[in-house]
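# Architecture and fold: a report
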Amino acid sequence: MRPEMIVRPIYAVLEREVLKMMAQRGRLLSSLVRPLLWLLVIGAGFGAMQSRHGGPGYQAFLVPGVLGMTLLFGGMLAALSMVNDRESGVMRMLVIAPIEHYWIVIAKALSATLAALIQAALLLVLLAILGYLSLQTSVPLLLAGLVGTAFACASLGLLVAAFSKTLDNYATLMNLVIFPVFFLSGSLYPVQQLPPALHWVATLNPYTHGVDLLKHAALSSPAGAAAPDFSVAFDLAMIIGFSALALTIACVRFSRDEANEPLIHRLARNRAD
Amino acid sequence: MTQDLAIRAEGLSKRYGDTLAVDGVDLSIAAGQFFGLLGPNGSGKTSTIHMLSTLLRPSTGRAWVAGHAVSQDPLAVRGAIGVVFQEPALDRTLSVWENLRFAGRLNGLTLAEINARSAQLLELFGLADKRDRSVGALSGGMRRALDIARGMLHQPKILFLDEPTIGLDVPNRRAIWRHIGRLRAELGITVFLTTHYLEEAIDCDEVAFLSAGRIVRSGTPATLIEQLGRTIVEIESDHPQEIADRLAPRFGVPLIEGDTVHFRVDREPAELGSLQAELATLARATRWRRPNLNDVFLWMSHPALQRRNAA
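Residues numbered from 1 in each chain as written. Chains lettered and ligands numbered in written order. Predicted model: local features only at pLDDT ≥ 70, side-chain atom pairs only at ≥ 80, totals over all residues.

## What about the overall build of chain A?
- A count of helices and strands for chain A gives 12 helices and 0 strands.
- The secondary structure elements of chain A, listed N-terminal to C-terminal, are α-α-α-α-α-α-α-α-α-α-α-α.
- Looking at chain A residue by residue over its 273 residues, the buried ones come to 46%.
- A sequence separation of at least 24 residues applies to 81% of the contacts in chain A between residues at least 6 apart. (Helix = DSSP H or I, 4+ residues; strand = E, 2+ residues; numbered from the N terminus. Buried ≥ 20, exposed ≤ 12 C-beta atoms within 10 Å, placed from the backbone. Contact = placed C-beta atoms within 7 Å.)

This is the structure:
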């Protein structure tokens, strides 16, 4: 198989995702408003409670967490387009293309990663303007943290999408997946201070390690506000390991035509009614 | 012997749970042919198309499309065919051009190729001025035409059309058939059509009737119609059974549909005499006409014809 027969379809999926995201102003806006709400409202509220004890501000601690939040919501909602495409019929264009069906899953993972990164980049600009970013930030660690978190969240979204038949189902799973993933991470509080059971769950949560990489990057001022909980190597290993596993399962699941059969069968039945 | 066949199937079957949707279908369709798979809803037409286009795995049986085995070499098959599904495969939130660019890139085309071919296809289908219009704003007929253009962008040798005119009004159905006619005339492609509007299949080189997953009749439309007889007599009456009993000795076994009695006769209308006068008040209306594919379908399951097929 010639490589351009793979590269061009992947480019097609990325291009369409960006086009659609630019057209959905509300989606972009909410991807910026949600983290700023957490940072400026909840961060300020808890910060006031905590400042009596001294130490670096809670808002500074929250900066990596809200950046991660944008990547988590952005990546998972973009992976939702997999279910959306199945419902709207656009998936037919993808499955009839002369590429192996697992490439569709990989292309969708890449496009969801790209969508999440664009949203995070916009938020970074806003955070810089608001003065929340430190000049001592490590750019390589920041990039690794952004890309790794976005890809892990996109993979998680596709894993959920691969097992969801309809959008309703997916929305339910989002609530069952996205909030636990967010709350059971180091986004809002240091993982080290969690009770042992929750500590273990947070350690196994790939999103925890994405946020931890962002903490390593020392994003916020004052420096050292958000001390990382794990080593960079462990964070990277968890992110890569999880993404590879989740994508493999999604690819296998999607490549079996049985995954599409119930849909085709249901369409045929509806027609007969 | 098979290289001139665009599509070949041997005992193709698909089972969903305990229902056999497609039951041992054999096909051999020559390159360049216009083939129609006909039958009522739920007879297995769509499942057959999905197996031939590699989207469904056959439960048993084998098939080759454009010389490639559907189970062993699905990518080669998908590269050689265009498929227009029953439900449109377009993104309504994008423009006409954005949809074609998306489909073209998915098929590995360069932007220059997509540009040239989409301009040609949009011209052919009368959509040239709609290039930047949102697909959601197009009429149903235009959307279907665009979906066919989408399926033809990578210049497939074989085009599968699953109920291409379903849900369209008469002018739009005619327009779609003009487009398909032009495609066949200009590119000489093989067209595999499914439809339950039987009158639309009259231009097919060959048709096959599918019933409960099995091919029950096949041949050229002209032959199938000829085999039926020269004239169909339709008599509307409040007492259809009485009409049937009275005329059966002369015209053979009738087919009763509600208050209408159909006879197939091998005579010209002029030789039938004045039936209306003869039946007087018993018949509300008497008509005769040439048979068509709808009649072939209606009489297909009729005992009289089945006896003749067996003979």
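Having put the structure on the table, let's press on.
## Concerning the pairing of strand S9 (residues 206–211) of chain B
Residues and elements named next belong to chain B.
- Among the 6 residues in S9, 5 count as buried, and that is most of the element.
- Here strand S3 (residues 34–38) pairs with S9 via 4 bridges, running parallel. Looking at the pairing, Leu 38 lines up with Phe 209 of S9.
- In the sheet, S9 pairs with strand S10 (residues 214–219) via 5 bridges, with the strands oriented antiparallel. Bridge pairing in S10 places Val 207 opposite Gly 219.
- Joining the antiparallel neighbours S9 and S10 is a turn of 2 residues, in which Ala 212 adopts a positive phi near 50°. (Pairing = 2+ DSSP bridges.)

## Some thoughts on the interface of chain A and chain B
- Each side of the interface is counted separately: chain A has 29 residues, and chain B has 27 residues.
- For the side of chain A that touches chain B, the residue count by class is 17 nonpolar, 3 polar and 9 charged. (Nonpolar A, V, L, I, M, F, W, Y, C, P; charged D, E, K, R; others polar.)

## Points about the packing of helix H1 (residues 4–23) of chain A against helix H6 (residues 101–129) of chain A
Residues and elements named next belong to chain A.
- At a closest axis distance of 9 Å, the pairing of H1 and H6 adopts a crossing angle of 40°. Taken together, the axes of H1 and H6 are oblique relative to one another. With respect to the hand of their crossing, H1 and H6 are arranged in right-handed fashion. Listed contacts from H6 to Ile 6, Pro 9, Ile 10, Val 13, Leu 14, Glu 17, Val 18 and Met 21 of H1 are Trp 103, Ala 107, Lys 108, Leu 110, Ser 111, Leu 114, Ala 115 and Ile 118. (Axes fitted to C-alpha atoms, helices over the stretch in contact; angles between N-to-C directions. Parallel < 35°, antiparallel > 145°, perpendicular 65-115°, else oblique. Left-handed = near helix turned anticlockwise from the far one by under 90°.)

## So, the pairing of S3 of chain B
Residues and elements named next belong to chain B.
- Of all 5 residues making up S3, 5 are buried, and the element is well covered by its neighbours.
- Burial along S3 is two-sided: Phe 34, Gly 36 and Leu 38 facing one way and Phe 35 and Leu 37 facing the other are all buried.
- Two strands pair when backbone bridges link them, and S3 and strand S8 (residues 190–195) are joined in this way by 5 bridges, in the parallel orientation. The residue bridging Phe 35 from the neighbouring strand is Phe 192, located in S8.

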